[in-house]
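# Overview (structure and organization)
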Amino acid sequence: MAIYLDHAATTPLRPELIEGYLAQLQVLGNPSSVHGAGQRARMAVEDARDQVAKAVDCHRSEVLFTSGGTESNNLAIKGLYLAAKAQDSERNVVITAGTEHHAGIDPVEWLETSEGAEAVWLPVSPTGVIDLAWLDTYLSKNAQRVALISLMWVNNETGLITPVSKVTEIANRYEIPVHSDAVAAFGHIPISFKDSGLKTMAISGHKFGAPVGVGAVIVARDAKVAVTSHGGGQERGIRSGTLSSPLAYALGKAAALAAEELPEIRNRVSEFAQDISRGILEIAPDAIFTRGEEPGYEGIIHFTFPGCSGDSLLYLLDAAGVCVSTGSACRAGVAQPSHVLMAMGRTEDQARGSLRISLGQSTTRADVDALLAAFPMAYAGAHRAGLPGN
Amino acid sequence: MKVLAAMSGGVDSAVAAARAVEAGHEVVGVHLALSRNSGTLRTGSRGCCTIEDSMDAQRAANVLGIPYYVWDFSEKFKTDVVDDFIAEYQAGRTPNPCMRCNERIKFAALLEKALALGFDAVCTGHYASLLTDESGNLELHRSNEMAKDQSYVLGVLTADQLKHSMFPLGAAASKDDIRREANERGLSVANKPDSYDICFIPEGDTQDWLSEKVGKAPGQIVDRSGNVLGDHEGTHEFTVGQRKGLSIGRPAADGKPRYVLEIRPKTNTVVVGPQAALAISEMIGVKYTWCGVAPENTNDWTNVHVQVRAHGDAIEAEFRISDGQMEIRVNEPLLGVAPGQTAVLYLGTRVLGQTTIDRTISAVPVFAEAESGISA
């Protein structure tokens, strides 16, 4: 059995929800049908909506089921932009950061090329921290042109936490809606949508124990979101498509479990993470912990190793049965230097030597031990192999 | 052995990997990402470097049940192969990028990385045979399948590189057999078209691509006596032996077509003349390597066969090393050989070594080619 330390990519299905999920798969009925079968399927969906609402601390009407994080981000970013622009054609600026996930960056770039948007990329420190003073100054001069701000809550590569409430505090002064991609945050750090000041937020089930293919976009009751995907309008008219009661069930149950167990899981993960970082730095003293001393989600451990190639480390660890990631965007199998690290001002060679180890609810002490046992060999080999061209 | 199978996404490298697995080796498939801006789908007759090709390679690895990774060599490929290709054209030479890729990427950067990571050999789908002589030395030989033989592009390999190379298709009877074998093994690439074009030139038009990269640099087209015959828009648009695309208003006195004989980057001129004047008698290369054990005596002329392009014939020749340069004399005049091309020496089917041609000596004196002179 492989040692799985890539929870930021996807997590194992929580065993607690398998039985109910399988049972729900066998329940006949379209949740939007009026008859009894439909109502029974609807029941499961609405139970799940309650669970998600409770877990993210929002009103149940604010939970819109989607296929996952990417769809949620698209619906929110494009929807907020187009609604703001429709009200005032001068509002075409989207403020975001180069360290966002592709599901956050690419919708903005599409708005630029297709909808006349202007992206403003926030300055980012070498540890990935966005410059809030710059944001404040920018808004004091240009607020009337800004359609929305989109910033992820936890960075999926580095684990860095964005101070979301500080962002919304500034933005709310100018009544600018803020969206946050909370895919890497929900289930791992405490989140309250109600207290966050956000207008929209994306979560994805498979990052906290639900199956791939389900997520939610949380849309505040007072958020103005244009419709960008058209059809039956099942989810508040904003998201269309037949609801899946088994997937909704799984999302709800996994969200409830994640929220309930969060303090305990986070304690355990933090302890493991400290041991891993310490162990790695003993073997590779020149390794750089990417987010430095900045606050982060402990379960995402991201290092860069000077003179090593991340794909060498990944290969050698994989050969030893340990699954980790280089953390960089992997476009259908073609390697790219991480755009996140590049946005943080790293050189390509520095970005190349990156490794992300991400822990989760199912991580055990034995996983940590296995990683630390395999690491010296992998590091030595990757160091020997160096970087191509050097 | 631990074998790294370089998998382009084509049928040859997939079958080569399959044969390595079957031979009992511990095989890992690796696809080289050679471009940062890979296209999504394969177009025309390029056989690699798109995401579709990477997915094809991954699918083949899955079917073979071997691990698969994509390694990024795009930066090194750009400097060592693409930029070199452009620089060579700008210097009036005709490079072979596949050869450079073998020399600097596949059997250098990739092989070095593989060895450092604990592999024993790199396996590719080249059609060539590795044989062992009586003393146990490795020799590179032509493939049994002469129509697909790729020993020429492997001529740059040295004894050390041969030790860590594996060409499981060497004894292939034919490409059809390889396709049949791929089909039997359930490999989806069994009927994927062959690739012919240079992988980094998407539209397959080298001259257009080069013009985009280096821009226009107008100059003159002259004959070997120095008479100006016309203008050109950049020497990179021409290759020795080229006939098409010469904008010469005045026809030759003999009415026969004229060919590019030489490119002189220093004066930005293209020299043209009759086909017969393309004939060369000797080639000289400054840099040369031996493919396996070096010959004992290189001071005296030795009989060999020489091949100057991937799908050209090998012709009788003799070579020697003199003043640190390789001199190759052909027994009969050879047409259209350009500096930058690689001359690969063969002893029978065995690859002896190679040199990049730096200059050639014409078999036809200039005076014989006056306007009314020799004809093709």
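Residues numbered from 1 in each chain as written. Chains lettered and ligands numbered in written order. Predicted model: local features only at pLDDT ≥ 70, side-chain atom pairs only at ≥ 80, totals over all residues.

### Thoughts on the overall build of chain A
Check the secondary structure of chain A and you find 12 helices and 14 strands. Its C-alpha atoms give chain A a radius of gyration of 21 Å, near enough to 21 Å, the size a compact globule of 390 residues would have. Taken across its 390 residues, chain A has 53% of its residues classed as buried. Long-range contacts, defined as pairs at least 24 residues apart, comprise 74% of the intrachain contacts of chain A with a sequence gap of at least 6. (Helix = DSSP H or I, 4+ residues; strand = E, 2+ residues; numbered from the N terminus. Rg over C-alpha atoms; globule rule 2.2 N^0.38 Å. Buried ≥ 20, exposed ≤ 12 C-beta atoms within 10 Å, placed from the backbone. Contact = placed C-beta atoms within 7 Å.)

### Concerning the overall build of chain B
Scanning chain B from terminus to terminus reveals 7 helices and 19 strands. Projecting the C-alpha coordinates of chain B onto the three principal axes gives extents of approximately 65 × 50 × 35 Å. Within chain B, buried positions represent 47% of all 376 residues. Taking the intrachain contacts of chain B between residues at least 6 apart in sequence as the baseline, contacts between residues at least 24 apart amount to 64%.

### Side note on the nonpolar core
Counting 215 residues, the largest nonpolar core has Leu251(A), Ala5(B) and Ala17(B) as the members making the most contacts within it. A per-element tally of this core places helix α8 (residues 245–283) of chain A first, with 16 residues. Structurally, this core is a two-domain feature, drawing no fewer than three residues from each of domain 1 (3–10 + 262–385) and domain 2 (15–257) of chain A. (Core = buried A, V, L, I, M, F, W, Y, C linked by C-beta atoms within 7 Å. Domains from an automatic or database assignment.)

### Details of the domain arrangement of chain A
Residues and elements named next belong to chain A. Domain annotation of chain A identifies domain 1 (3–10 + 262–385) and domain 2 (15–257). Computed over C-alpha atoms, the centres of domain 1 and domain 2 are 27 Å apart. At the junction of the two partners, domain 1 supplies 24 residues and domain 2 supplies 26 residues. Contributions of two or more residues to the side of domain 1 that touches domain 2 are made by α8, β10 (300–304) and α10 (339–343).

### Thoughts on the interface of chain A and chain B
The parts lose accessible area when they come together, and the size of an interface is often stated as this lost area. Chain A puts 16 residues into the contact, and the matching count from chain B is 21 residues. Residue contributions to the side of chain A that touches chain B peak at 5 residues, all from helix α9 (residues 310–319) of chain A. Taken together, the residues of the side of chain A that touches chain B break down into 7 nonpolar, 5 polar and 4 charged. (Nonpolar A, V, L, I, M, F, W, Y, C, P; charged D, E, K, R; others polar.)

### A word on the packing of helix α3 (residues 74–90) of chain B against helix α7 (residues 206–214) of chain B
All names here are of chain B. Remark: α3 packs on α7, axes separated minimally by 11 Å, with the N-to-C direction vectors making an angle of 90°. One element, α3, and the other, α7, form an angle in the roughly perpendicular class. For the pair α3 and α7, contact is made by Ile86, Tyr89 and Gln90 and by Leu210, Lys213 and Val214, respectively. In terms of residue class, the contact of α3 with α7 is made up of 4 nonpolar, 1 polar and 1 charged. (Axes fitted to C-alpha atoms, helices over the stretch in contact; angles between N-to-C directions. Parallel < 35°, antiparallel > 145°, perpendicular 65-115°, else oblique.)

### Quick notes on the sheet that holds strand β9 (residues 288–289) of chain A
Read across the sheet, 3 strands follow the order β9-β10-β14 (chain A) without closing on themselves; strand pairing throughout is antiparallel. Only two strands of the sheet have a single partner each, and these edge strands are β9 and β14 (354–358) of chain A. (Pairing = 2+ DSSP bridges.)

### A few points about the packing of helix α2 (residues 36–56) of chain A against α8(A)
Residues and elements named next belong to chain A. Axis separation between α2 and α8 bottoms out at 8 Å; the angle between their running directions is 25°. The orientation of α2 with respect to α8, classified from their angle, is roughly parallel. Pair α2 / α8 crosses with left-handed handedness. Counted together, Ala41, Ala44, Val45, Asp47, Ala48, Gln51, Val52, Lys54 and Ala55 of α2 and Ser245, Ala248, Tyr249, Leu251, Gly252, Lys253, Ala255, Ala256, Ala258 and Ala259 of α8 form the full contact between these two elements. Residues belonging to the contact of α2 with α8 are distributed by class as follows: 13 nonpolar, 3 polar and 3 charged. (Left-handed = near helix turned anticlockwise from the far one by under 90°.)

### Section: the environment of Ser322(B)
For Ser322(B), the position within the fold is in strand β15 (residues 315–322). Classification of Ser322(B) by C-beta neighbours within 10 Å gives exposed; the count is 12.

### Focus on the pairing of strand β8 (residues 215–219) of chain A
Residues and elements named next belong to chain A. Most of β8 is tucked away: 5 of the 5 residues are buried. Going residue by residue along β8, you find Gly215, Val217 and Val219 tucked away on one face and Ala216 and Ile218 tucked away on the opposite face as well. Taken together, the 4 bridges between strand β2 (residues 63–66) and β8 define a ladder with antiparallel strand orientation. Note that in β8 the partner of Thr66 across the bridge is Gly215. Relative to β8, strand β7 (residues 200–204) runs antiparallel, the two being bridged by 5 bridges. Note on β8: the bridge partner recorded for Met201 is Ile218.

### Focus on helix α4 (residues 97–116) of chain B
Residues and elements named next belong to chain B. The largest bend in α4 amounts to roughly 30° and is located at Leu110. In terms of residue burial, α4 counts as a mostly covered element, since 15 of its 20 residues are buried. Positive phi shows up at Gly118, right after α4, with a value of about 100°. (Bend = angle between axes of the 7 residues up to and from the residue.)

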